[in-house]
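# Structural overview
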Amino acid sequence: MVLDNAPSWQAVLAEEFHKPYMQALKKFLRSEKDAQKIIYPHSSHWFHALETTPLDKVKVVILGQDPYHQAGQAHGLCFSVLPEVKPPPSLVNIYKELETDLHVQAVAHGYLESWAKQGVLLLNAVLTVEDSKPNAHQGKGWEQFTDKIIAIINKECEHVIFLLWGSYSQKKGAIIDNTRHLVLKAPHPSPLSAYRGFFGCRHFSQANKYLKSHNKEAIEWQLPLLE
């Protein structure tokens, strides 16, 4: 596990890889692979969120929980799926809120790479999962690693918007200094809870308004059509 393609993060996270919890996580993942278990996303995408959104470019953080656990979906960005995959239900609800909030048109794909490249860190709390077993890798060390990422952003960056959807991400984001950053909370966009307040939260327009107020370029939430 290395961050060769994420130098800005490597500079602040290098020590984490030598800590006992991370060594234990590496050992666990190696044993899972040795046992022929299928792990998502592919190891080349474990740190894709960090590779796509450098530390000094972070404007918005969206916290997810666990990667998608079916074949061909997860690629290291929370809520995002690979281009050929139908958008999952939670993402469909995100699109609905975007359309209500900013008149952004929903697209037929769920590939959120363009958001990440603009400074939206799409970070799951846990970066791997076993095939068809949601939450299988919880409590193995990833949470401590991603807590460190949040702590670094909280300390090193200014005027970042944290979108915390659901109780899990809200607990994880409890350390954020809301005098330096904008923390927006809502229920999770899943079909089970979106109608309890995710719909109508207007987080996307609030995020752009905050960015502009601090002389930062707004996020273009409209996703491009794919060929």
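Everything in this summary refers to the structure shown in the same document. Since we're looking at a predicted model, the values are computed, not measured. Every chain begins its residue count from 1, and numbering advances along the sequence as written. Local features in this predicted model are restricted to residues of pLDDT 70 or higher, and side-chain atom pairs are both shown and tallied only at a pLDDT of 80 or more, whereas totals for entire chains, interfaces and linings draw on every residue. The basis for the side-chain values is all heavy atoms of the structure; hydrogens and waters are excluded.

Moving on, we come to the pairing of strand E3 (residues 120-124). A simple rule labels every residue: compare its accessible area, found with a 1.4 Å probe on the protein chains alone, to the largest value its type can have, and call it buried under 20%, exposed over 50%, or partly exposed in between. A run of H or I in DSSP becomes a helix once it reaches four residues, and a run of E becomes a strand once it reaches two; helices and strands are each numbered from the N terminus. Counting buried positions along E3 gives 5 out of 5 residues, so the element sits mostly inside the fold. Neither face of E3 is left uncovered, since the one carrying Val-120, Leu-122 and Asn-124 and the one carrying Leu-121 and Leu-123 both have all their residues buried. Both strand E2 (residues 60-64) and E3 contribute to a ladder of 5 bridges, which runs parallel. Counterpart to Val-60 in the pairing with E3 is Val-120. Between any two strands, at least two bridges found by DSSP are needed for them to pair.

Another aspect to go through is the environment of His-159. Note on placement: His-159 falls in the loop between helix H6 (142-156) and strand E5 (161-165). For His-159 and Pro-87, which are 72 residues apart along the polypeptide, the C-alpha to C-alpha distance reads 30 Å. A distance of 3.4 Å separates a polar atom in the side chain of His-159 from a polar atom in the side chain of Tyr-210. Side-chain atoms alone can form a polar contact between residues adjacent in sequence; in general such a contact is a pair of N or O atoms within 3.5 Å, and within protein one must be able to donate a hydrogen while the other accepts it.

Pairing in this open sheet of 4 strands is parallel, and the strands run E3-E2-E5-E6 from one edge to the other. The strands lining the two open edges of the sheet, one partner per strand, are E3 and strand E6 (182-186). Ignoring strand direction, the axes of neighbouring strands in this sheet form an average angle of 20 degrees. Any two residues whose heavy atoms approach within 4.5 Å at even a single point are treated as in contact. Axis definition: a line fitted to C-alpha atoms, limited for helices to the stretch in contact. Angles are taken between N-to-C directions and run from 0 to 180 degrees. Contacting E2, E3 and E5, H6 crosses the sheet at an angle of about 155 degrees to E3.

Here we come to unusual backbone geometry. Residue Pro-41 is reached from Tyr-40 by a cis peptide bond, and omega for that bond is -10 degrees. By the secondary structure assignment, Pro-41 is in the loop between strand E1 (39-40) and helix H3 (48-52). In this model, His-159 sits at a positive phi of 55 degrees, which is unusual for a non-glycine residue. A positive phi angle is found at Asn-215, which is not glycine, with a value near 60 degrees. By secondary structure assignment, the location of Asn-215 is in the segment after helix H8 (203-213).

All right, on to the nonpolar core then. Side-chain atoms within 4.5 Å link the members of a nonpolar core, which is a set of buried Ala, Val, Leu, Ile, Met, Phe, Trp, Tyr and Cys residues. Counting residues in each nonpolar core, the largest one holds 71 residues, and the members touching the most others are Trp-9, Leu-50, Leu-121, Trp-142, Phe-145 and Ile-153. For this core, the leading source of residues is H6, giving 6 residues.

A separate point is the state of the cysteines. The rule for a disulfide is simple: a pair of cysteine sulfur atoms within 2.5 Å. Going through the model one piece at a time under the given rule, you end up with 0 disulfides. We note that Cys-78 lacks a disulfide partner, and the nearest cysteine sulfur, in Cys-201, lies 15 Å from it. Residue Cys-78 is classed as buried on the basis of its relative accessible area, which comes to 1%.

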